Amino acid sequence: MDQGSGEQGRGDSTVDAAEETAERTEDTAERAEPRNGAQTEEGDLLDPRRVIRPPADRPGMDDVAAISRLKFRYLRALDTKSWEEFADTMIPEATATYSEYLQFESRDAFLAFMRNTLGPHVITEHRCDHPEVDVDGDTATGTWYLADTVLIPAHNMLLRGAAFYTDRYVRCDDGHWRIAHTGYERTYEVVVSLSDLPSLRLTSSRWGLIAREDGIAPVERDPGSAPPREPEAE
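In this convention, every chain numbers its residues from 1, walking through the sequence in written order. Whole-chain, interface and lining totals are the exception, using all residues; otherwise, since this is a predicted model, local features are given only for residues with pLDDT of at least 70 and side-chain atom pairs are given and counted only at 80 or more. The basis for every side-chain value is the complete set of heavy atoms in the structure, and neither hydrogens nor water enter the calculation.

Chemist: What should I look at first to understand the sheet that holds strand β1 (residues 90-99) in this one?
Modeler: Think of a sheet as strands paired side by side through backbone hydrogen bonds, with each pair either parallel or antiparallel. A pair of strands is considered paired only if DSSP assigns at least 2 bridges between the two. Segments assigned H or I by DSSP are reported as helices when at least four residues long, segments assigned E as strands when at least two residues long, and all are numbered from the N terminus. Taken in spatial order, the six strands line up as β2-β1-β6-β5-β4-β3 in an open sheet, and their pairing is mixed. The open sheet terminates on both sides in strands that have one partner only, identified here as β2 (102-104) and β3 (123-136). When strand polarity is set aside, the average angle formed by the axes of neighbouring strands in this sheet is 15°. With 14 bridges connecting them, strand β4 (residues 139-152) and strand β5 (residues 157-171) associate as antiparallel partners. Note on β5: the bridge partner recorded for T141 is R168. Any two residues whose heavy atoms approach within 4.5 Å at even a single point are treated as in contact. Orientation is described by lines fitted to C-alpha atoms, with helices fitted over the stretch in contact, and by angles between N-to-C directions that extend from 0 to 180 degrees. Where helix α5 (residues 107-117) meets the sheet, it contacts β1, β2 and β6 (177-193), and its direction lies at approximately 55° from that of β1.

Now the structure itself:
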């Protein structure tokens, strides 16, 4: 009787130990990170121990983002005529080519042309998208789709066009990317006389151009003051 009770006790202990081992094994399996492409649970994706790495075929993505920001800064500085900032987007030896008749062999020559051609008497809008940027160490190339608008009141002219930019970039000693070469090839360009747009009214301009009954003309006003308003109809 006592011997039988002892054997039963030993049997119960064996069952309990087996169940405890099974539970530990199941718990370990649940916490183990899936392998061989096994589907993960939502909890695994939120586990801070997991390291999400970019695909191996997309190196230098931080550089691509930095180059894209450089291009956007170039366009903003151009359209706002912030010439010092515009110059800082390029290296001193930067070149530019827009046709066989419009080529520049230095940043200073290119900057002088832009300042003289696109002064406050010209309103511009440049937009670039569809970037194709390839990075190779400390150099890179980029292709961008350009859409631009140029309003020249003095010549009674509105220009619209599109083109593909082809750029080269270098990483400078300060760690920042800058433009080593830029230029584009037009896909189309159209010019419209403002006389053909009798309803056109330029109601606001950063550089003090407004619409009058006899056309678009500059007005003098202090920077920061309220823009002039047209007389209200009686």
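Now that the structure has been shown, we can carry on.
Chemist: Even after reading the chapter, I still don't get unusual backbone geometry, so can you show me in this structure?
Modeler: Glycine aside, residues mostly have negative phi angles, and peptide bonds mostly take the trans form. The phi dihedral of H130 is positive, around 55°, even though this residue is not glycine. With respect to the helices, strands and loops of the structure, H130 is situated in strand β3.

Chemist: Sorry, what's going on with the packing of aromatic side chains here?
Modeler: The criterion for an aromatic pair is that two Phe, Tyr or Trp rings (for Trp, the six-membered ring) have centres within 6.5 Å, with stacked assigned to planes under 30 degrees apart, edge-to-face to planes over 60 apart and tilted to the rest. Applying the stated rule across the entire model yields ten aromatic pairs. Between F72 and W144, the aromatic rings sit 5.7 Å apart at their centres with planes inclined by 75°, giving edge-to-face as the arrangement. Separated by 72 residues along the polypeptide, F72 in helix α3 (residues 61-79) and W144 in strand β4 bring together distant segments of the chain. Measuring from centroid to centroid gives 5.3 Å for Y165 and Y184, while their planes differ by 90°, and the two rings are edge-to-face. Placement of Y165 in strand β5 and of Y184 in strand β6 is noted, with a sequence separation of 19 residues between them. Cluster of aromatic residues (ring-pair linked, three or more members): Y74, W83, F86, Y98, F104, F110, F113, Y165 and Y184.

Note that all results are geometric; they support no functional claim without further evidence.
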